[in-house]
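As a plain string of letters, each chain reads:
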Amino acid sequence: MNAHVPTSVLAVFIAALITALATGLGALPFAFWKAVGTSAVAYANALASGLMLGASFGLVAEGSGVNGPATMGGAALGVLAIIGADRALRGVEARPGRERASGTRRMLLVMTVMTAHSFAEGVAVGVAFGGGARLAVAITLAIAIHNIPEGLAISATFRPRGASIAACALWSIVSSLPQPVMAVPAFLFVETFRGVLPWGLGFAAGAMVFMVLVELLPEAYEQARAPKVALLVSLTLVGMALAQRSL
Amino acid sequence: MSDPLLTALAYAAGAAAASALGALPFLRKRVLPPSWLGWASALAAGLMLGLAYTILVALPPNRAPALAGGAALGVLLVAAVARLSAAPSAPAEADAPAMGRLLLSGAVHAAHEGVAIGVATAVDLRFGAFMAIAIAVHNVPEAAVLVAGLRQRGVRLGEAAGLAVTANASQVALAAATLALTVPAPGLTPWMAGLAVGALIHLVMTELLPDSYHHAGRTSIALVAVAAMGAVVLARGGLP
């Protein structure tokens, strides 16, 4: 392992920690309002969708520059990983007695769902660092912003059940802790075995695009005015994709 | 064919003609199941996102400011047209204005695809051929959705297929116009490429994806769209 790796590992950890801390920002609106409207969450998800799709364009371009078929193979694995996680979580949600879930169980369920998603996002941050600083900045930014509405969703469940703003922020951050935990080994893996970098970049892109298409976008369209959601997604997608090209 | 203008015209005409294939499923079924229409829209959406990606990476990074300007124009243009030509209020409305809006929506949609074919041909002829083939494939599910709407309004199958091809005539005109503009003024190429990218992405976000989520489950929609996107990127080899 060469001399630059310890510094890079620290940078990866700090970046992934920043994305996790950003989740805590989701509790902030509750300091000013008792409740946050669903349309606000929808617009936040639309913003995150555009950033994540734009960032995925960058991941695919970077990976395809090395090996196109491997990048697409990785993307397929990323999609399968999200489908697998969703299937497992659906099993948790469908467990008998779920409909009578107590407040605490409901809180645990939301935490479980959000935490499970964080694993793939952590991998995305880690492999992005393997693809260079430009890509790393873009993916870190996209995931950090994506985390804010996730924190909002957690806080919206915890706050009505008596949790303080600080507790809401803390639990939101806890749900994203798999990000720094997963980012470092993912980065070390692609650094050590450079041949797997396009697979890793593709995995991150596939997981993010699928997450956007299966969760964020349909929910945003349902909870807010579709033309506004579409405009926000389109402009942020184009902005993010082009920002990566010009950085 | 060495003349780029003729080449672009031929490519776009071939892509527009492929729309007629969208009528084929109706030979077996009078009405398509809603999930098929959702998957058709998702397929069209994924192909368009993949094409937008291929245009973005086809131009050198130093053209990003012009691409960004063009993309913003493309997004705003589609948003403005969508506001002006609001979708028919009743799904089975049979009056002429409703049919007109349906066809106008198809024509506007196709126009931006024509810009994409023209820009790709301006970048290089092989990219133009790739873009035309991908848009021809994209036109088939898109036309199936249009034919379904026309059939609901009592239009005969042959006539509906003809109208689907006619709606895509704007593709041919815009492909030729884009190439006629960009060949003498190459500085316009990133602007037109940006316009195509912005328009294609916004058409996906404002029409195709919301429509697809109405007709089928979100997991199947996401799978079809992501597979179509991946197929385009893979066919292009990721980078030009």
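Just so it is clear, the model here is predicted, and its values are computed rather than measured. (Residues numbered from 1 in each chain as written. Chains lettered and ligands numbered in written order. Predicted model: local features only at pLDDT ≥ 70, side-chain atom pairs only at ≥ 80, totals over all residues.)

S.K.: Sorry, what's going on with the overall build of chain A here?
M.R.: Along its length, chain A carries nine helices and zero strands. Ordered by position in the sequence, the α and β elements of chain A form the string α-α-α-α-α-α-α-α-α. Across the 247 residues in chain A, those meeting the buried criterion constitute 56%. Restricting to contacts in chain A with at least 6 residues of sequence separation, those with at least 24 account for 88%. (Helix = DSSP H or I, 4+ residues; strand = E, 2+ residues; numbered from the N terminus. Buried ≥ 20, exposed ≤ 12 C-beta atoms within 10 Å, placed from the backbone. Contact = placed C-beta atoms within 7 Å.)

S.K.: Any chance you could explain the overall build of chain B here in plain terms?
M.R.: Along the backbone of chain B there are ten helices and zero strands. Its helices and strands in sequence order give chain B the pattern α-α-α-α-α-α-α-α-α-α, from N to C terminus. A globule of 240 residues ought to have a C-alpha radius of gyration of about 18 Å, and chain B, at 17 Å, matches this closely. Once the C-alpha set of chain B is aligned to its principal axes, its extents read approximately 50 × 35 × 35 Å. The long-range fraction of contacts in chain B, counting pairs at least 24 apart against all pairs at least 6 apart in sequence, stands at 87%. (Rg over C-alpha atoms; globule rule 2.2 N^0.38 Å.)

S.K.: Would you mind going over the confidence of the model for chain B with me for this structure?
M.R.: If pLDDT is low for a region, its predicted coordinates should not be looked at in detail. Residues and elements named next belong to chain B. For chain B, mean pLDDT is 86; residues scoring 70 or higher make up 92% of the total. The weakest mean pLDDT in chain B belongs to helix 5 (residues 96–123) at 83; the strongest belongs to helix 9 (residues 189–215) at 94. Here the predicted complex scores 0.84 on pTM and 0.86 on ipTM. (pLDDT = per-residue confidence, 0-100.)

S.K.: So what exactly am I meant to see when it comes to the interface of chain B and chain A here?
M.R.: Many analyses report the size of an interface as the accessible area lost when the parts associate. Every contact between the two is made by 32 residues of chain B and, on the other side, 32 residues of chain A. Taken together, the elements giving at least two residues each to the side of chain B that touches chain A come down to helix 3 (34–58), helix 4 (64–84), helix 9 and helix 10 (218–236) of chain B. Class assignment for the residues of the side of chain B that touches chain A results in 24 nonpolar, seven polar and one charged. (Nonpolar A, V, L, I, M, F, W, Y, C, P; charged D, E, K, R; others polar.)

S.K.: I tried to follow the packing of helix 9 (residues 226–246) of chain A against helix 9 of chain B on my own but got confused; where do I start?
M.R.: A pair of packed helices is captured by two measures, namely the crossing angle of their axes and the spacing between those axes. Contact geometry for helix 9 of chain A and helix 9 of chain B: axes closest at 9 Å, N-to-C directions at 145°. Relative to helix 9 of chain B, helix 9 of chain A is oriented so that their crossing is right-handed. Judged by residue contacts, A:Ala226, A:Pro227, A:Ala230, A:Val233, A:Ser234, A:Leu237 and A:Val238 of helix 9 of chain A engage B:Val197, B:Gly198, B:Ile201, B:His202, B:Met205, B:Thr206 and B:Pro210 from helix 9 of chain B. Of the residues that constitute the contact of helix 9 of chain A with helix 9 of chain B, the class distribution is ten nonpolar, four polar and no charged. (Axes fitted to C-alpha atoms, helices over the stretch in contact; angles between N-to-C directions. Left-handed = near helix turned anticlockwise from the far one by under 90°.)

S.K.: Hey, could you run me through the packing of helix 3 of chain B against helix 9 of chain B in this one?
M.R.: All names here are of chain B. Running from N to C, helix 3 and helix 9 cross one another at 160°; their axes reach a closest spacing of 8 Å. Taken together, helix 3 and helix 9 sit at an angle that is classed as roughly antiparallel. The way helix 3 lies across helix 9 gives a crossing that is left-handed. Residue composition of the contact of helix 3 with helix 9, by class: 20 nonpolar, five polar and one charged. (Parallel < 35°, antiparallel > 145°, perpendicular 65-115°, else oblique.)

S.K.: What is the right way to read the environment of B:Val119 from this model?
M.R.: One can find B:Val119 in helix 5. Each residue touching B:Val119, except ones within four places of it in the same chain, is listed here: B:Ile55, B:Thr178, B:Thr182, B:Thr189, B:Met192, B:Ala193 and B:Ala196.

S.K.: Is there a simple way to think about helix 9 of chain B in this case?
M.R.: Helical geometry note: an α-helix holds 3.6 residues per turn, so side chains three or four residues apart project in the same direction. Taking 1.5 Å of rise per residue, the 27 residues of helix 9 of chain B would be expected to cover 39 Å, and the 37 Å separating its terminal C-alpha atoms lies within 8% of that figure. At B:Val204, helix 9 of chain B shows its maximal bend, which comes to roughly 40°. (Expected span 1.5 Å × (residues − 1). Bend = angle between axes of the 7 residues up to and from the residue.)

S.K.: Can you walk me through the nonpolar core in this structure?
M.R.: Soluble, globular proteins show a tendency: their nonpolar side chains are buried together. In this structure, A:Ala124, A:Ala204, B:Ile55, B:Ala116, B:Ile117, B:Ala196 and B:Leu200 are the most contacted members of the largest nonpolar core, which totals 182 residues. In terms of residue count, the dominant contributor to this core is helix 3 (residues 38–93) of chain A (19 residues). For B:Leu200, the residues in contact, after removing those within four places along its chain, are B:Met48, B:Leu51, B:Ala52, B:His112 and B:Ala116. (Core = buried A, V, L, I, M, F, W, Y, C linked by C-beta atoms within 7 Å.)

S.K.: Please explain helix 4 of chain B as it appears in this structure.
M.R.: When the terminal C-alpha atoms of helix 4 of chain B are compared, their 30 Å separation across 21 residues agrees well with the 30 Å that a helix rising 1.5 Å per residue should span. When we look at burial in helix 4 of chain B, the residues that qualify are B:Ala64, B:Leu67, B:Ala68, B:Gly70, B:Ala71, B:Gly74, B:Val75, B:Val78 and B:Ala79. Elements that come into contact with the buried residues of helix 4 of chain B comprise helix 9 of chain A together with helix 9 of chain B.

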